[in-house]
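Coordinate analysis (summary)
Below are the chains, spelled out letter by letter.
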Amino acid sequence: MSIAVLGLGEAGSVFASAYADAGWDVVGYDPADVQVDERIQRAASIAEAVSGADVVLSLTTARHAVGAAREAAPVLKSTAVFVDLNVATPALKHRVREALGEGVLVADGAVLGSVQKHGAGVHLLLSGNAVEQAARALEVVGARVDPLDGDMGDASRRKLLRSVFVKGLAALISESMDGARAAGDEQWIKAQMAEWLQDGNATIERLQSTTRVHAVRRSHELSDSLQTLRELGVESSVAMGALQTHLRYAREGAAESAPGLAEKLAVVPTSAIGDMRQRRGMLDSAISRVWPSAPIAGRAFTVETRPGDNRAIHEALERVEPGDVLMVDGGGDTQRALMGELIGERARDLGVAGMVIDGAIRDVLDLQEIGFPVWARAVSPAGPYRDGPGRLGGPISLGGVVCSTGDMVVADADGVIVLPVLEAESALQGGLEKLAREDEQRQAWRRQMASRMR
């Protein structure tokens, strides 16, 4: 039997020597002048290496994998098995298969362990149309093979998902130990790590579920952890990533409760909420209610558009959810209306709670008649362009306030306030507490005035 090994770096050299030990004829190709086992015949090109080979192992690195497959394809034997062992995305593995052409026996190989530690006996996942043939060939040199009933790229997908954990855990442990050494707590932290990693599946299930449930509280704790690392002079990119993950889970949890929260926020004046937030998040007072609608509250859906152009608003109406408040950054332009009665009726029928527009609108009386609430900077009879460009769902600056999709918006006769989704619940409680205190003060004043009149 003969094998061609494409790429004679660390892993390629190990496999090449192992097949030589097994009595196979081994041909290797590598453009670099690397030192290899003298039993390995060196080829001058990929085509020369694979011509006549029963098995081909591609270890060229992902950057060269497709090119290697394309060069090998014309000279492969019809019975040859091509095994791509490069670390690459499933999409790239598909491109390798396409480069080899129809009818070629090909397998996607994903190395799960360290070749340096385990040699050719390393643990491998295999997928593709030649899994059985590739498995038999690799087991000759002692590889521990797990065949998958899947397509080219499925083995690599599993490996890369595993790498999120393995590489992420390695980085997390390293960063934690950097902090521990800086604080003189290395042995204590190491013991804590060992204790947490003992229970296997139970620990995985516990951490996975409780992280989502307690995402808000734990994000606060991680913020304090980052401050501690900064004070110790330790780089903290992994901890920062963990904080962002907790914040994302927290935002998702808040979004699930947004409808009920919106109903409660709608009955609290923006003035009361703003007072409790030190007037933060309140839009420019020039953006005001265009007709005397009832207060609204809901989840922001953001739109950024060119001044005087409403194409992005039409596109947004294809994506909004019932209860959303459409937040439109129109650049503050007051010369051309970005919406009117037709868009308003369409939005109302889709369940949109209302619109807040840093720009102009028109058809005020019609909007009042159909009952669609709008807050805008101005009113203008001039119609909009509809050419674009625009952007949906990203952070915008509207009336001097940054707003992101998912933030909570409250709008009433006094104006509009934007609440970051993680602060919305506390803003509600603060607003209710302020209203209660004001009611107590009002009742106390009335009692005082009544006593004076006796």
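Structure's up top.
Notes on the structure in this doc start here. (Residues numbered from 1 in each chain as written. Predicted model: local features only at pLDDT ≥ 70, side-chain atom pairs only at ≥ 80, totals over all residues. Heavy atoms only, no water.)

For helix 1 (residues 10-21), with twelve residues, the first-to-last C-alpha span of 17 Å sits near the 16 Å given by 1.5 Å per residue. Buried within helix 1 we find Gly12, Ser13, Phe15, Ala16, Ala18, Tyr19 and Ala20. The secondary structure elements touched by the buried residues of helix 1 are strand 1 (2-6), strand 2 (25-29), strand 4 (55-58) and helix 6 (131-139). Following helix 1 by one or two positions, Gly23 has its phi on the positive side, about 90°. (Helix = DSSP H or I, 4+ residues; strand = E, 2+ residues; numbered from the N terminus. Expected span 1.5 Å × (residues − 1). Buried < 20%, exposed > 50% of the residue type's maximum accessible area, 1.4 Å probe, protein only. Contact = heavy atoms within 4.5 Å.)

So, on to the nonpolar core. Inside soluble globular proteins, nonpolar side chains tend to come together where they are buried. Core analysis: the biggest nonpolar cluster contains 33 residues, and Phe15, Tyr19, Leu57, Val83 and Leu138 have the highest contact counts within it. Sequence-distant contacts of Leu138, that is, excluding residues within four places in its chain, are made with Phe15, Tyr19, Leu57, Val83, Leu124, Leu126, Ala143 and Val145. (Core = buried A, V, L, I, M, F, W, Y, C linked by side-chain atoms within 4.5 Å.)

Moving on, we come to the pairing of strand 11 (residues 324-329). Where burial is concerned, most of strand 11 is hidden: six out of the six residues are buried. Of the two faces of strand 11, both are covered, the one formed by Asp324, Leu326 and Val328 as well as the one formed by Val325, Met327 and Asp329. Pairing geometry for strand 10 (residues 296-305) and strand 11, over six bridges, is parallel. Bridge pairing links Phe301 to Leu326 in strand 11. The pairing of strand 11 with strand 12 (residues 354-361) spans five bridges and is parallel. By the bridge assignment for strand 12, Asp329 is matched with Asp358. Regarding the hand of the β-α-β motif, the stretch spanning strand 11, helix 15 (residues 341-349) and strand 12 is right-handed. (Pairing = 2+ DSSP bridges. Right-handed = clockwise from strand over helix to strand, strands pointing away.)

Moving on, we come to a nonpolar patch on the surface. On the surface, Trp196, Leu197 and Leu207 cluster together into a nonpolar patch covering about 300 Å² of accessible area. Counting through the fold element by element, Leu197 comes out in the loop between helix 8 (186-196) and helix 9 (201-213). (Patch = residues over 30% accessible without salt bridge, like charges linked within 9 Å, V, L, I, M, F, W, Y side chains within 5 Å. Areas by Shrake-Rupley, 256 points an atom, 1.4 Å probe, with all protein chains shown as cover. Salt bridge = Lys/Arg side-chain N within 4 Å of Asp/Glu carboxyl O.)

So, on to helix 10 (residues 215-231). Here helix 10 is 17 residues long and its end C-alpha atoms lie 24 Å apart, about the 24 Å a rise of 1.5 Å per residue gives. Of all the positions in helix 10, only Ala215, Ser219, Leu222, Leu226 and Leu229 are classed as buried. Each buried residue of helix 10 lies within a common arc of 75° when the element is viewed along its axis, so the set occupies one face. Seen from the buried face of helix 10, the exposed residues on the opposite side, beyond 90 degrees, are His220, Asp224 and Glu231. Of the residues one or two after helix 10, Gly233 is the one with positive phi, at around 75°. (Arc of directions from axis to C-beta.)

Moving on, we come to the pattern of salt bridges. Taken as a whole, this structure holds 24 salt bridges when the rule is applied. Linking Glu438 and Lys434 is a salt bridge whose minimum nitrogen-to-oxygen distance equals 3.1 Å. Placement of both Glu438 and Lys434 in helix 17 (residues 424-452) is noted, with a separation of four residues, approximately one turn of the helix. By relative accessible area, Glu438 is classed as partly exposed at 27%. Taken together, the salt bridges that share partners define one network made up of Asp275, Arg279, Lys434 and Glu438.

Here the residue pair Gly388 and Pro389 is connected by a cis peptide bond, since its omega of 0° sits within 30 degrees of zero. Residue placement: Pro389 occurs in the loop between strand 13 (374-379) and strand 14 (390-392). Phi is positive for Thr61, which is not a glycine, with a value near 85°. The partly exposed category is assigned to Thr61, whose relative accessible area is 45%. We note that Arg279 has phi near 65°; this positive angle belongs to a residue other than glycine.

Purely geometric stuff here, so don't read any function into it on its own.
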